[in-house]
Amino acid sequence: MISLAVPENLVYSRPESLTSVHNHYCPGCTHGVAHRLIAEVLDEMNVRDHTIGVAPVGCSVFAYNYFNCDFVEAAHGRAPAMATGIKRVLPDRVVFTYQGDGDLASIGMAEIMHAAARGENITVIFINNAIYGMTGGQMAPTSLPGQKTTSSPNGRDVETAGYPIRMAEILANMDGAGYIVRRSLHDPKNIRMAKKAIRMAFETQMHGLGFSMVELLSTCPTNWGITPIESLTWLEDHMIPAYPLGDYKVSEHLAAIKF
Amino acid sequence: MARELLKGNVAMAEAAVRAGLEAYFGYPITPQTEVLEHLSARLPELGRTFVQAESEVAAINMVYGAACTGTRVMSSSSSPGVSLMMEGISYISGTEIPAVLVNVMRGGPGLGNIAPSQGDYNQAVHGGGHGDYNMIVLAPSTVQESIDLMVLAFDLAEKYRMITMLLTDGSIGQMMEPAELPEMRPVVRKDWDWATNGAIGRERRILSSIYINPPLEEETNLRLMKTWQKVQANEVRYKEYYLDDAEFIVVGFGTSGRVALSAVRAARAQGIKVGLFRPISLNPFPYAMIDELANKASAFLVVEMNSGQMLEDIRLAVRGRVPVEFYARLGGIVPFPDEVLSEIQRVATTKLNTDQHPRDAWLARFTAQSER
Ligand SMILES: Cc1ncc(C[n+]2csc(CCOP(=O)(O)OP(=O)(O)O)c2C)c(N)n1
Ligand code: SF4
């Protein structure tokens, strides 16, 4: 056997903020991508051991198993209230919630609106996949008009089931919000932009600039009933027109922050 | 500390502050609001946390979050608001962390009214939230006792890692009485080995009420039961009045216990040998004491401001050995001592009929009387 002395050049590894376990997400689901981005940001900001995460009820209910920091598990929709309780008594800690669209935009609507209105110094990572993943693909408040789900088998009829809710636009109206943006996880370029936004959201919290939220357009191949690749295309073709990407509120004080 | 004239709700709030309360999350509702109002001024003045939440749902979940960090935290509400807290109460119980709650009960069901009631006994004592859990429930009958139990509540909650609830009502919450507050204790945030307060120099921690694997949930259920056995063995509290030579015994808690005491005193003045047993810990309930008393007493008279919710627990302890009689006012009405005195006289002088359920017998008497 010939042994070659190849100099090691590590270009990619598991962030310290992610635990070394297999996750339970379906193949091609973007929850995993979102987790990794958050973990990379916590590493880069060197705040892992100062961070307390709040997991939701939804497919990411086990998020606490995957992040290598203190974590609590909230009731469905109540993560912003729980995060408020933590942040108010530990203001020097970094506190974030990770929530799906059913969790944040349906059952937890009051909690998210008021956390933003109070300007809670917390960061919210909002996974908008236009469906209830965990319970098997029912209609979410973010499901698109005409979208077929297990509880809107003929497609979402806006006459009876109402219209999609655009959370980034709504929360941007809150005076207590410091940073509200929408990004997408459907291709590498957008994933890089999403990471930058997540960093900026945590910076908003670190600088005491109020409530921050990054809405991430995400896929659910399993419940959309298409392949992972088709899901990425479906997201781009159907979700982005309904949920335009962009910065909805950026505190003027953030301009001075460089990283 | 000197005795001063204090309103029940304010006294409870100030007692909590002096017991080291670090954070309060609540929502206004009569007849509890003075707790929230007092703390809205006091806690910020001391550099501690006060948040008026958007609802009781949010308030209990803020309590949940703060409790996870190992901080002394509480909320207070009244009946309809406590109903909204049931989700969080179940989650906090399942997570095995300490928190203190106050329910200043009012008339119900539904929106009911803002007058004193004891209609939430079952909700507090026999569950109300989903799943198998218990919380310690303490019922004061005076302003002084509200203060003392408030202080005790934090210690018990932390000792057993469970919710301790003060179950009181609009009468004790709103009344003014001379009482003595405790000395101000310094705030000590203990470094609990379970608290999620940032994994600095240690392994990360997780606090959750989810046990997706049924054997692990069963293990948790069993652990909760064993903790509860310890509470049952060590934390039963009650007060006895004139029991030494009592032929029969009145039982009442909180305000109805207080009214019953006046009636018992008046009866004693008339030579009726009656005593009063007043449970203070409604959960754990003093079953063993009632059981023992049932061997000596000729009858019990249970007085409540509900439709006989504690009555069932008394019947469970008495097990049919002697008659159990019942008297109640409902809807937010506090019985007058005279009403209870007439009942004591009736029990002392008539042959008691045990064929009927005491609730039904009382309802028949009460209906006949009000139709007269
Ligand atoms: C109070 C309550 N109601 C309903 C449920 C059931 N439930 C669990 S997850 C979920 C929907 C989650 O969907 P979403 O927030 O969009 O997250 P995803 O699973 O898509 O990531 C529902 C309705 C629950 N756990 N608790
Ligand atoms: S059900 Fe959907 S959201 Fe949930 S893990 Fe699978 S792909 Fe992801």
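Caption draft 1: Structural view of the overall build of chain B. Per the secondary structure count, chain B includes 14 helices and 15 strands. In terms of overall dimensions, chain B is globule-like: its C-alpha atoms have a radius of gyration of 21 Å, near the 21 Å expected for 372 residues. Structurally, chain B occupies a C-alpha span of about 70 × 50 × 40 Å along its principal axes. Within the span of chain B, comprising 372 residues, buried residues form 53% of the whole. Residue pairs at least 24 apart in sequence account for 80% of intrachain contacts in chain B once pairs closer than 6 positions are excluded.

Caption draft 2: Looking closely at the nonpolar core. Among the nonpolar cores identified, the biggest contains 192 residues, and I125(A), V63(B) and A99(B) are the most heavily contacted of them. Residue assignment places this core across two domains, with domain 1 (3-234) and domain 2 (238-371) of chain B each supplying three or more. Excluding its chain neighbours within four sequence positions, the residues that come into contact with A99(B) are V63(B), A67(B), V73(B), M74(B), I92(B), A157(B) and I163(B).

Caption draft 3: How the structure looks around the site of ligand 1. Residue and element names in this part refer to chain A. If you check the shell around ligand 1, you find 17 residues, and the closest are G58, C59, G100, G102 and G133. Element by element, the count of residues in the shell around ligand 1 is highest for helix α4 (residues 101-107), at 3 residues. Its residues assigned to classes, the shell around ligand 1 comprises 7 nonpolar, 8 polar and 2 charged.

Caption draft 4: Seen up close, the pairing of strand β11 (residues 248-251) of chain B. All names here are of chain B. Residues F248 and V250 line one face of β11 and the alternating positions I249 and V251 line the opposite face, and both faces are buried. Relative to strand β14 (residues 300-304), β11 is paired through 3 bridges, and the arrangement is parallel. The residue bridging V250 from the neighbouring strand is L301, located in β14.

Caption draft 5: Structural view of the sheet that holds strand β6 (residues 211-217) of chain A. The mixed open sheet is built from 8 strands, whose spatial order is β7(A)-β5(A)-β6(A)-β4(A)-β3(A)-β1(A)-β2(A)-β9(B). Here the strands that pair on one side only, and so sit at the sheet edges, are β7 (246-250) of chain A together with β9 (206-207) of chain B. Examined bridge by bridge, strand β3 (residues 94-100) of chain A and strand β4 (residues 123-128) of chain A share 5 bridges and lie parallel to one another. Paired with Y98(A) across the strands is I125(A), a residue of β4(A). Running over the sheet, helix α1 (residues 31-45) of chain A touches β1 (51-55), β4 and β6 of chain A and is turned about 160 degrees from β4(A). With respect to the sheet, helix α8 (residues 188-206) of chain A is in contact with β3, β4, β5 (177-184) and β6 of chain A, its orientation differing from that of β5(A) by roughly 165 degrees.

Caption draft 6: Inspection of the confidence of the model for chain B at higher detail. On average, residues of chain B carry a pLDDT of 97, and 100% of them reach 70 or more. For this predicted complex, the interface confidence comes out at an ipTM of 0.96, alongside a pTM of 0.97.

Caption draft 7: Expanded view of the site of ligand 2. Residues and elements named next belong to chain A. By nearness alone, every residue bordering ligand 2 is listed as Y25, C26, C29, H31, C59, N129, G133, C220, P221, T222 and N223. Among the elements that make up the shell around ligand 2, the one with the highest residue count is helix α9 (residues 221-224) (3 residues). Across the shell around ligand 2, the residue classes tally to 6 nonpolar, 5 polar and no charged.

Caption draft 8: Local environment of the interface of chain B and chain A. Listed per partner, the contact involves 32 residues of chain B and 28 residues of chain A. Those elements that provide at least two residues to the side of chain B that touches chain A are β2 (23-26), β3 (49-52), α3 (56-68), α5 (86-95) and β9 of chain B. Taken together, the residues of the side of chain B that touches chain A sort by class into 15 nonpolar, 12 polar and 5 charged. By the bridge criterion, 2 bridges tie strand β2 (residues 70-73) of chain A to β9(B) in an arrangement that is parallel. Residue pairing for β9(B): V72(A) is matched across the bridge by L207(B).

Caption draft 9: Just the domain arrangement of chain B, in detail. Residues and elements named next belong to chain B. Its domain assignment divides chain B into domain 1 (3-234) and domain 2 (238-371). In this assembly, 29 residues from domain 1 lie in contact with 23 residues from domain 2. For the side of domain 1 that touches domain 2, the secondary structure elements donating two or more residues are α6 (121-125), β6 (136-138), β7 (163-169), α8 (170-174) and α9 (214-234). The element that contributes the greatest number of residues to the side of domain 1 that touches domain 2 is α6, accounting for 4 residues. Considering only residue class, the side of domain 1 that touches domain 2 consists of 14 nonpolar, 13 polar and 2 charged.

Caption draft 10: Just the sheet that holds β2(B), in detail. Residues and elements named next belong to chain B. The strand order across the open sheet built from 7 strands is β3-β2-β4-β5-β7-β6-β13, with neighbouring strands paired in mixed fashion. The open sheet is flanked by β3 and β13 (281-283), the only strands paired with a single partner. For this sheet, the mean inter-axis angle between neighbouring strands, taken without regard to orientation, is 20 degrees. Across 2 bridges, β2 lies against strand β4 (residues 73-77) in parallel orientation. Across the sheet, Y24 pairs through a bridge with M74, a residue of β4.

What counts and how
Residues numbered from 1 in each chain as written. Chains lettered and ligands numbered in written order. Predicted model: local features only at pLDDT ≥ 70, side-chain atom pairs only at ≥ 80, totals over all residues. Helix = DSSP H or I, 4+ residues; strand = E, 2+ residues; numbered from the N terminus. Rg over C-alpha atoms; globule rule 2.2 N^0.38 Å. Buried ≥ 20, exposed ≤ 12 C-beta atoms within 10 Å, placed from the backbone. Contact = placed C-beta atoms within 7 Å. Core = buried A, V, L, I, M, F, W, Y, C linked by C-beta atoms within 7 Å. Domains from an automatic or database assignment. Near = placed C-beta within 6 Å. Nonpolar A, V, L, I, M, F, W, Y, C, P; charged D, E, K, R; others polar. Pairing = 2+ DSSP bridges. Axes fitted to C-alpha atoms, helices over the stretch in contact; angles between N-to-C directions. pLDDT = per-residue confidence, 0-100.

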